[in-house]
Every structure is written in C-alpha cells, then in structure tokens.
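# Topology and contacts: notes
What follows is each chain in one-letter form.
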Amino acid sequence: MTDASQGEGGSMGDGRGEKPREADETLHLRVDALRADETMQLRVPPPPEPSAPAGGRAERRRGARAAEGTPAGTSGRSSGRSSGGRSTGGRSAGLPSGLSAARERAVAALTPLLAPLAPYARRLAPYARRLKPVYPRPGRTGWRRWIPSWRQSLGAVLTSFGLLGAFLVTAYAMTDIPSNINSYATQQDNVYFWSDGTPMARTGWVQRQAMPLRDIPPDVRWAVLAAENESFYSDPGISAKGITRALFRTLGQGDTEGGSTITQQYVKNVYLTQNQTVSRKFTEAMISLKLDNAMSKDQILEGYLNTSWFGRGTYGIQRAAQAYYGKDVGKLDASQAAMLASLLKGAGLYDPTLSKANHTRAVERWSWILDRMVKIGQLSPRERAGYTKFPEPLKSNPLYDTGEQSDYLVELATQYAKKAAHLTDKQFDLGGYQIYTTFDRKREKALTDAVTKAREQAKRDDPKVAADAHYGASSVAADGRVLAVYGGPDHRKQGYNDSNATTVPAGTAFTPFVYAAGLEHGVRTSRDGPATPVTPDSVYDGDDGVPVTTPEGPYWDRSGKKVAAHNDGGRSYGRVTLREAMARSVNTPFMQLGMDAGLATVRRTAEASGLLPSSIGPQVPALSLGNSTPSAIRMASGYATFAAGGTHTEPYSVRRVTRNGAPVALTVPHARRAVGGKVAEEVTEALTDSFRTAHPEVAAGRTGVAGKAGTTEKDTAAWYVGTADSVSTAAVVYRIDLATSLEPLPLQGLAGTSDNSVPYALWSAATGLG
C-alpha cells in the first residue's frame, strides 16, 4: 500500500479515479507525525442506499423526492459543508447578525412550549410526507398524473373543515348580542296635521301590545311552532339545513327562502334589518346561537310572538287577534290560531280578505298547520276532526275606530303619502311618520256642517229616500291642493268615500270640457276638410230634440234610430251662441259641438284638465252631456284648471312628510298646460255668466265666482261645480243602496229643485257664499 506522500498525486484526496475495492479488503493509511498547527480533514461519502424493487409506489415517491431535492454535483448532507467545517446553508446564513440573534432567541423561547408536541409530530410526520402532493404524480401517465391521491384529497377536506371550524369559532367569539332593539320591535303611531300645522289625527294602524307567554294559550303557541319551527325547543337556535337552502336560493336563483328558526326570525325582527343578504343571514345565525345560550326558549318564543308582523298594521299576536277576530289572544281556539299562524308566511299573501287567491292560499295553509299540530302531538285527531270550517276573519280592522269625518281625510292622505314617498304598506305601518296635509280646518268644518244639515233635513222630509242618500264634495285649489272633502257620515259605518267615488255620471256639469275642446281645436264640417275656428259667439241650434249630425248626415245609434239631444224640461231656445248656451244651461248645442270638434278631442281635453281616463264614458254623442263618472275631487280639479289659466296640477293632499323629524322625499306634482290661456279665460267667463244667471242676488257685488249645475238624463245625480277665490268645489247628491249594488237610483226629490238645489247649498256653504 502506498504511503501518504504518494496519495497527493493519486485518488485519495477526493476519491476520483480510484479503483473500487472489494468488501473484504482493508485500507491502511500511514500518516506522518503532524505539527501542532496542521489539520487533516477526512471526507467520507455516505454509503449508497440499497436498491429497492422497481415499480413500488413508495419507492417511486422517494426517488422523485430525492431527484427533486438533491442538485446535480452534490452529495447528501455533506453538500452543505465547507472545507472549514462550517455550515453555509444553515438557518442563519445570509441574515444580519441582529436578525439571526433574534431568531435564535425566538427558537429558544418556543422550544419548551413545543416540546410536548414532539412525540405527536414524529408520529404524524410519515403521514404528512405521504399527503404532501407530488405533481405530476410519478408512475402515472396522461391526465391521471394530475389527479390527487385519496390521501391528498382527504387531507384537503380535513384542512378545509378545520379552517372553517376555526373561522366559525372566531366569528362566534367576536359576535355580541346588540344592546338595543330596532324599530320593528318599537312601533310608533303616524301623526297627521292640518294645513295650519295643528294635529289632525293620530292613526291606530300600527298597534302593538306585549303579552306574557303564560297568557297565550298553548294551542296558539303550538300553531305557530307547527307552522314555523316545530323543533324549536330542541334546536340550537339555527337550522343548518334551512340556512344552506336559503343561501343556495339567494345566491343561485336570486330569490329568497325562509329556512329560519323562530330564534333567527326573532333576531331579525328585533336586532337586524329585513334585507335578504348573505352577510345579514350570517350575522343572524351568529346572534341566534348566542341568544339561544343567553335566553330561555320560552323567553325567545314570547319575544317572537310579540314582535312578529301579522298584517293590518299589527305587530304581535294580541293585536292580531283583535284585528282579525275582535277578541283577545286568550280567547282564540286552535282553528283561529292556525289562521293567524299562516299570516307569518306573509300577510300580503295569506290575509283571506284581500283577494280570492289569498283566500285559497289561506285555507290550504290553515288546514296544513292543523295537520302538523296533529303530527307533532299537540292536537288530537278527534279535535282536528272538529275543525272543518275555515274561521273567516273580520273584513276590516276594528282597531281603526275613530270613525269621524277626519278618517276620510286620513285615508286620502295615507294613500297619497305612500305613493308620493314610494313607501310600501309595511314600511308605512312601521310608524313614526308626520304627515302634513293640505286640508283646511275651517273649510272642512263648513262643508261637513252643510252636509250634516242637508242629511238631517232629508231624513225629516222622506226617511225612506234618505236612507240611500249619498253626499260627496271636495274643494281643490288652483294649484292642486285638496282643501276639504266630505266622504260619508261615519267611516266605521261607511268606509266607501263618496268624494272619491267614480260611480255616478257628471251630466251637464261636463259641458265646460266640451266647450273648451271646441274653442281650443275648432270644428270640422267635413271629414277631411280643415278645422274651422269656434268662438263664444258661434251660433248653434238650441231647440229640444235636435238630431245630432256628422259630416255625412244624421248620427244613427245601434238600434237604427236617430240620436237627438234634449234640454232640461224639454225647453227650446232657438238659435243661441255657445256662451249663451252655457249661461242658460242649454244642452243641445254642446252635444252637436262635441260631434263637430270630435269626441276623441273632447276626451283628450277632459283628461288633460284632470279627469281620470278610467272615468271617461263611451265615445258616443252622450259623452258631451256627461256619461263619464268622475269623482267630486276630479270634477273640482278639472274646473280648477280653468281657474288656473289653463294649467293643470294633479290634486294632492300631502305637502310634506317627515319620519322622526327627518324629511322624506316626495314626488311633487307640477303644473302642465291643458288648454290655452285664452280658452281657459273664455270658459271661466261663460261659467261666470252661468252663476250670475242662476243666482243673481248672490252674484251681485262679487267677483271671481263662477259655477254651473249638472243634471243627468235619468235623474240619478245632481251636481254643482264652481270656483270662488281660485278654489274650485264640486258637490254631488245621489242615491245608491250599497247593500245590493252600485247602480244609481232615481233621486226622487232628494236633490231639491232647480231654484233650491241641495248641491248648490253645499257648494255655497263650502265656498263661504251661503
């Protein structure tokens, strides 16, 4: 064997070029004596790993890791060592000395804490190495190389559940039960004010009375639980299945799904909003879990029953029982309780009094709830068999019982406020609104007193006829403000608003719109010829029974008879001007004028002036003599258009709305041109002549007063419509038996005589002329 000096030029230094030795050979190394300052380094490569049978999964994985983890030209662990015996790949390599020291201190501090976990870490290490993904997978071809193994899939699933659990635990720990409840649980009244700012009415639509659970019968409680959450007493406050279904429908289909427990619904009612969002649903679930641990089930159920929405302006089971059955909740039976429980799914869909479809839905759900009560053991089959007839609720809410004339004002103002402020019924019924109306207290009292006097007189004169009497009246300013209305004797007895009813024809009170159409657009004496101007001095035939003509000749009705116009009392006036015909209430010229101007033109003029399209009568010659059925409010609004110089503003009854003092945006009506200013002036002059001709004593010394009476062909209605001081008032008297139909009955003297007309008396009282 060679000595050390010979090894310098051979292969001993690094092992390259050395002939492999047999296993039983012995290596002899001769080393000279070393000096004290000399060092010898001996480098021994690691023995090669024994080869394993080719093709095994573990062998392939180890081979793949070795190939990926060991760079070419290196040899195992010795690749990280330098010739001086110091590590170049250690943890502190490349770090500043300060950071390296800090890292070492952190490791030293954590070592005692992590020491107990070391045995577990050693046990899990082999499994963790197996779960570590190796992509592409060795030993696979094609797309299979990228499919994870079952171990890797299991690891991913377990990791996901772990992270999700950690997130939910953290969210639960960070969620607090709110200290204050929202407005859904603290309802308020809505307050209405007169035009002068003084209070007019405080509505009873929003009513809520908390009831202790002990005063709510078990049948009522279990009807609600059967309908909404039969597992209430055993669930943890949330329903994972329900939440998943709700989220799926909200995210996937864009609509909403219940899926909430009673605890969740209670949390939504008193702490959160009604918004259907994922974030609100998640917050609801977290609070529900905490609330279920903080409150007893009975406390939660009591709160839920006292805060839930049941429709008809009611919150809570006590007010719902009063609103639908006129009794306290303690007097409800299981059948009535099941009907009320069905409302929790949506009063707008299940209140059986709102529509036939609602009634059908309510009956089906009522029956289903009773069957559920039997299934969960809270109602015996024998008791269920006794509930076969649906418990019909009251037609209206008896809680809204002020019954005075102001109720009609409240009704009109409420409808307008909701529309102008874009509020839903539910939003408005939450309360807290201050509604500042346009109603004038003095005008309203004068009008109500006048109608009350006329009604009492009619009862003395002819009680049988007076029993079916209806009086409707309204005053509307030229700028559209509704100043006063008379809707009926008592809102509790007659919810039907006579001032806003489109039931009886306008009669000859409609002729000013025909006159305005002729003045504005002219007439056509031939079908295709140009329009001929019309003036107040244009002459027409005022005789009774004059046939109506068209450019082609007489107008024939469907029965083959010529259509003729008639005057009141069958009087004939000969040739008269249009202004004179208006002043003397001659009808026949205006029926012919309507044909000459075009019935379509007459219709457009009436609608532009303020009459509703739905109230305009059939487009036949009788249109000109008032076969339309406008309400008193709309007739007053139409005449106000002439008083406003031909501009029309839609009638409105609310000028301002606030909620808890904060302004609520309203859609405000704006004036628009209906007819020309000159035309409006000429119509007003004709109506002024009509008022002076019929009532010369009252007209003496007064200016700015114009008006006209209106009669109908079959004497089913009597009108007086006119303007005084830029305020138009319409009053109508008619008879209808509401118990049988809405078909008008003959007046039989109820409206008085032409010289002493009841509608004129109401009009003059409302305008201060009486």
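How each quantity is defined
- Residues numbered from 1 in each chain as written.
- Predicted model: local features only at pLDDT ≥ 70, side-chain atom pairs only at ≥ 80, totals over all residues.
- Heavy atoms only, no water.
- Phe/Tyr/Trp six-rings, centres within 6.5 Å; stacked < 30°, edge-to-face > 60°.
- Buried < 20%, exposed > 50% of the residue type's maximum accessible area, 1.4 Å probe, protein only.
- Lys NZ or Arg CZ within 6 Å of the ring centre and 35° of its normal.
- Helix = DSSP H or I, 4+ residues; strand = E, 2+ residues; numbered from the N terminus.
- Contact = heavy atoms within 4.5 Å.
- Pairing = 2+ DSSP bridges.
- Axes fitted to C-alpha atoms, helices over the stretch in contact; angles between N-to-C directions.
- Core = buried A, V, L, I, M, F, W, Y, C linked by side-chain atoms within 4.5 Å.
- Parallel < 35°, antiparallel > 145°, perpendicular 65-115°, else oblique.
- Nonpolar A, V, L, I, M, F, W, Y, C, P; charged D, E, K, R; others polar.
- Salt bridge = Lys/Arg side-chain N within 4 Å of Asp/Glu carboxyl O.

## Quick word on the packing of aromatic side chains
Taken as a whole and assessed by the stated rule, the structure comprises 16 aromatic pairs. Seen from their ring centres, Phe232 and Tyr233 are 5.0 Å apart, and the 75° between their planes marks the pair as edge-to-face. Using a relative accessible area of 37% as the deciding quantity, one classes Tyr233 as partly exposed. Ring pairing ties together the aromatic residues Phe510, Phe513, Tyr639 and Phe642, which thus form one cluster. Positioned above the aromatic ring of Trp366 is the side chain of Arg384, whose terminal nitrogen or guanidinium carbon lies 5.9 Å from the ring centre. Residue placement shows Arg659 over the ring face of Tyr433; its charged tip is 5.1 Å from the ring centre.

## Remarks on unusual backbone geometry
With glycine set apart, most residues show a phi of negative sign, and most peptide bonds adopt trans. A positive phi is found at His422, a non-glycine position, where the angle reads about 55°. By relative accessible area, His422 is classed as exposed at 59%. Of note in this structure, Asp725 is not a glycine but carries a positive phi near 55°.

## Description of helix α22 (residues 588–597)
Most of α22 sits inside the fold, with 10 of its 10 residues counted as buried. Looking at the buried positions of α22, the neighbouring elements they touch are α20 (511–521), β9 (539–541), β10 (549–550), β12 (575–577), α21 (578–583) and α23 (599–609). Once α22 ends, the next one or two residues include Gly598, with phi positive near 105°.

## Some points on the sheet that holds strand β2 (residues 199–202)
Taken together, 5 strands build an open sheet; the order of strands is β2-β1-β6-β14-β15 and the sheet is mixed. The open sheet has two edge strands with one neighbour each: β2 and β15 (662–663). Pairing of strand β14 (residues 654–659) with β15, which is carried by 2 bridges, proceeds in the antiparallel orientation. Along β15, the bridge assignment pairs Thr658 with Pro663. Contacts between helix α16 (residues 406–421) and the sheet are confined to β1 (191–193), β2, β6 (433–437) and β14, with β14 contributing the most and set at about 75° to the helix.

## Looking at the nonpolar core
One finds Phe510, Met635 and Trp719 to be the most contacted residues of the largest nonpolar core, which totals 79 residues. Residues contacting Phe510, with those up to four places away along its chain left out, are Val602, Ala606, Leu611, Leu623, Ser624, Gly626 and Ser628. With 46 residues, the next largest nonpolar core counts Leu225, Ile317, Tyr350 and Ala362 among its residues.

## A look at the packing of helix α6 (residues 218–228) against helix α10 (residues 297–307)
Packing of α6 against α10 brings their axes to within 12 Å, and their N-to-C directions diverge by 90°. Relative to α10, the element α6 lies roughly perpendicular. Seen from α6, the contacting residues are Arg221, Val224, Leu225 and Glu228; seen from α10, they are Leu301, Tyr304 and Leu305. Looking at the contact of α6 with α10, its residues break down into 5 nonpolar, no polar and 2 charged.

## Brief notes about the pattern of salt bridges
For the structure shown, the criterion picks out 15 salt bridges. Salt-bridge contacts for Glu580 lead to Arg584; the nearest nitrogen and oxygen are separated by 2.8 Å. With a shortest N-O distance of 3.0 Å, Glu650 and Arg634 are connected by a salt bridge. Taken together, the residues span a long stretch of sequence, with Glu650 in the loop between β13 (647–648) and β14 and Arg634 in helix α24 (residues 632–643) at a distance of 16 residues. Each of Arg579, Glu685 and Asp689 takes part in salt bridges that share partners, so that together they form one network.

What is shown is where atoms sit, not what they do.
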